[in-house]
Amino acid sequence: PEVEIVKIDLLERLEEGVGSEFIEKSAAVFCNFGLHYFWRSPHETRKFLANLVPFLSEGGRFVATVMRSDIFASSSQVQILNEDGVTEFEANKCNDNTVDVYVASIGKVHRESIITEADARLRFSEMGLYHVATYSFADLHQMYPSIEAALSPQEIKMSSLYVAYVFAKKQEKSSKSGALFSFPEEVEN
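Read on for an overview of the structure. As the structure is a computational prediction, the values presented were derived from the model and not from experiment.

Rules used throughout
Residues numbered from 1 in each chain as written. Predicted model: local features only at pLDDT ≥ 70, side-chain atom pairs only at ≥ 80, totals over all residues. Heavy atoms only, no water. Helix = DSSP H or I, 4+ residues; strand = E, 2+ residues; numbered from the N terminus. Buried < 20%, exposed > 50% of the residue type's maximum accessible area, 1.4 Å probe, protein only. Contact = heavy atoms within 4.5 Å. Areas by Shrake-Rupley, 256 points an atom, 1.4 Å probe, with all protein chains shown as cover. Core = buried A, V, L, I, M, F, W, Y, C linked by side-chain atoms within 4.5 Å. Pairing = 2+ DSSP bridges. Right-handed = clockwise from strand over helix to strand, strands pointing away. Patch = residues over 30% accessible without salt bridge, like charges linked within 9 Å, V, L, I, M, F, W, Y side chains within 5 Å. Salt bridge = Lys/Arg side-chain N within 4 Å of Asp/Glu carboxyl O. Axes fitted to C-alpha atoms, helices over the stretch in contact; angles between N-to-C directions. 1 Å grid on protein atoms, 1.4 Å probe; cavity = no way out; pocket = protein on both sides within 12 Å on 5 of 7 lines; lining within 4 Å. Points joined across faces, edges and corners; volume = space filled by probe spheres on them. Phe/Tyr/Trp six-rings, centres within 6.5 Å; stacked < 30°, edge-to-face > 60°.

1. Concerning the overall build of the chain
Point 1. Scanning the chain from N- to C-terminus turns up 5 helices and 8 strands.
Point 2. Counting all 189 residues of the chain, 41% fall into the buried class.
Point 3. A separation threshold of at least 6 residues defines the contact pool for the chain, and within that pool the share at least 24 residues apart is 69%.
Point 4. Surface accessibility of the chain: about 11,500 Å² in total, with carbon and sulfur atoms responsible for 51%.

Written as structure tokens, this is what we have:
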């Protein structure tokens, strides 16, 4: 299979011809631990998906891994320490439906939006994607046991905080405009 790596800003309209040979040919697109960058507003999510969805073939899958939204229902902080008592992972819920996340291997704090399955279903359906499944990382470990064998106890614990949402591209309906996935121009407040 062919792979094309392109450095682009998925919140801006793609330049003419970028990846054009892959339009409607990708069976799957993965967004691992990055969807929160496109979740600050529904408008940003639409811009991101307007760039991504056209590459998916009919029925093609979009898989996004995100932090489980339910982990903050009973606590505002999650911390994982290594065997020496040093923080490997920490997440602190903020007041604005975001989380400050620290991962030792990255070495700095970054902010992520809390993405619920209901919100993902709504935003993705607006752009022609329907929900297929949600998998916990424990489910994924059971499907692929060799992965779990390669993870440390802290990595297994950290991965239990995440889920994978799987969406598929709906069959295009004929439209008078001819463009189901147009790039949103207006800015919402």
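Additional details are given in the paragraphs that follow.
2. Describing the nonpolar core
Point 1. Membership of the largest hydrophobic core comes to 23 residues, with the highest contact counts inside it found for Leu 35, Phe 48, Leu 49, Leu 52, Phe 62 and Phe 124.
Point 2. Mapped onto this core, the elements with two or more residues apiece are strand S1 (26–32), helix H1 (42–52), strand S2 (56–67), helix H2 (117–125) and strand S8 (162–169).
Point 3. Leu 35 has contacts with Phe 48, Ala 64, Val 66, Ile 115 and Phe 124, leaving out every residue within four places of it along the chain.
Point 4. Counting residues in each nonpolar core, the second largest holds 15 residues, with Met 67, Ile 114, Phe 137 and Leu 161 among its members.

3. Notes on the pairing of S2
Point 1. Taken across its 12 residues, S2 has 9 buried, putting it largely inside the fold.
Point 2. With 6 bridges joining them, S1 and S2 adopt parallel strand pairing. What sits directly across from Ser 26, in S2, is Leu 56.
Point 3. Handedness of the crossover joining S1 and S2 through H1: right-handed.

4. Notes on a nonpolar patch on the surface
Point 1. On the surface, a nonpolar cluster with roughly 290 Å² of combined accessible area is contributed by Tyr 135, Met 143 and Tyr 144.
Point 2. With respect to the helices and strands, the residue Met 143 is situated in helix H3 (residues 137–143).

5. Description of the sheet that holds strand S3 (residues 77–81)
Point 1. Strand order across the open sheet formed by 4 strands is S3-S4-S5-S6, with antiparallel pairing between neighbours. Two strands lie at the open edges of the sheet, namely S3 and strand S6 (108–113), each paired on one side alone. Each strand axis lies, on average, 15 degrees off the axis of its neighbour in the sheet, ignoring direction.
Point 2. Note: S3 against strand S4 (residues 87–93), 5 bridges, orientation antiparallel. Considered in S4, the bridge of Gln 77 is made with Asn 92.

6. Remarks on empty space enclosed by the protein
Point 1. For the structure shown, the criterion picks out 1 cavity of 30 Å³ or more.
Point 2. Of the pockets and cavities examined, the largest cavity occupies roughly 50 Å³.
Point 3. Along the walls of the largest cavity sit Phe 33, Leu 35, His 36, Thr 65, Val 66, Met 67, Glu 112, Ser 113, Ile 115 and Tyr 162, which together make up its complete lining.
Point 4. Residue assignment for the lining of the largest cavity shows that the elements contributing at least two residues are S2 and S6.
Point 5. Tallying contributions element by element places S2 first for the lining of the largest cavity, with 3 residues.

7. Details of the packing of aromatic side chains
Point 1. Following the criterion strictly, the structure yields 9 aromatic pairs and no others.
Point 2. Ring centres of Phe 33 and Phe 137 lie 6.3 Å apart, and the angle between their planes is 45 degrees; this geometry places the pair in the tilted category. With Phe 33 in the loop between S1 and H1 and Phe 137 in helix H3, this residue pair connects regions lying 104 residues apart in the sequence.
Point 3. Look at Phe 33 and you get partly exposed, because its relative accessible area is 44%.
Point 4. Ring pairing ties together the aromatic residues Phe 38, Trp 39, Phe 48, Phe 62, Phe 124 and Phe 167, which thus form one cluster.

8. Section: the pairing of S3
Point 1. Along S3, the buried face is formed by Val 78 and Ile 80; none of Gln 77, Gln 79 and Leu 81, which line the opposite face, is buried.
Point 2. In sequence, S3 turns back onto S4 through a hairpin of 5 residues, with Gly 85 there showing a positive phi of about 85 degrees.

9. Quick word on the pattern of salt bridges
Point 1. The final tally for this structure, using the stated rule, is 5 salt bridges.
Point 2. Residues Glu 126 and Arg 46 are paired through a salt bridge, measuring 3.8 Å at the closest nitrogen-oxygen approach. Of this pair, Glu 126 sits in the loop between H2 and strand S7 (129–136) while Arg 46 sits in helix H1; the two residues are 80 residues apart in sequence, bridging distant segments of the chain.
Point 3. Classification of Glu 126 by relative accessible area gives partly exposed; the value is 45%.
Point 4. Relative accessible area serves as the criterion here: at 15%, Arg 46 is assigned to the buried category.
Point 5. Residues Arg 121 and Glu 117 are paired through a salt bridge, measuring 2.9 Å at the closest nitrogen-oxygen approach.

As far as function goes, none of this settles anything; it's purely spatial.
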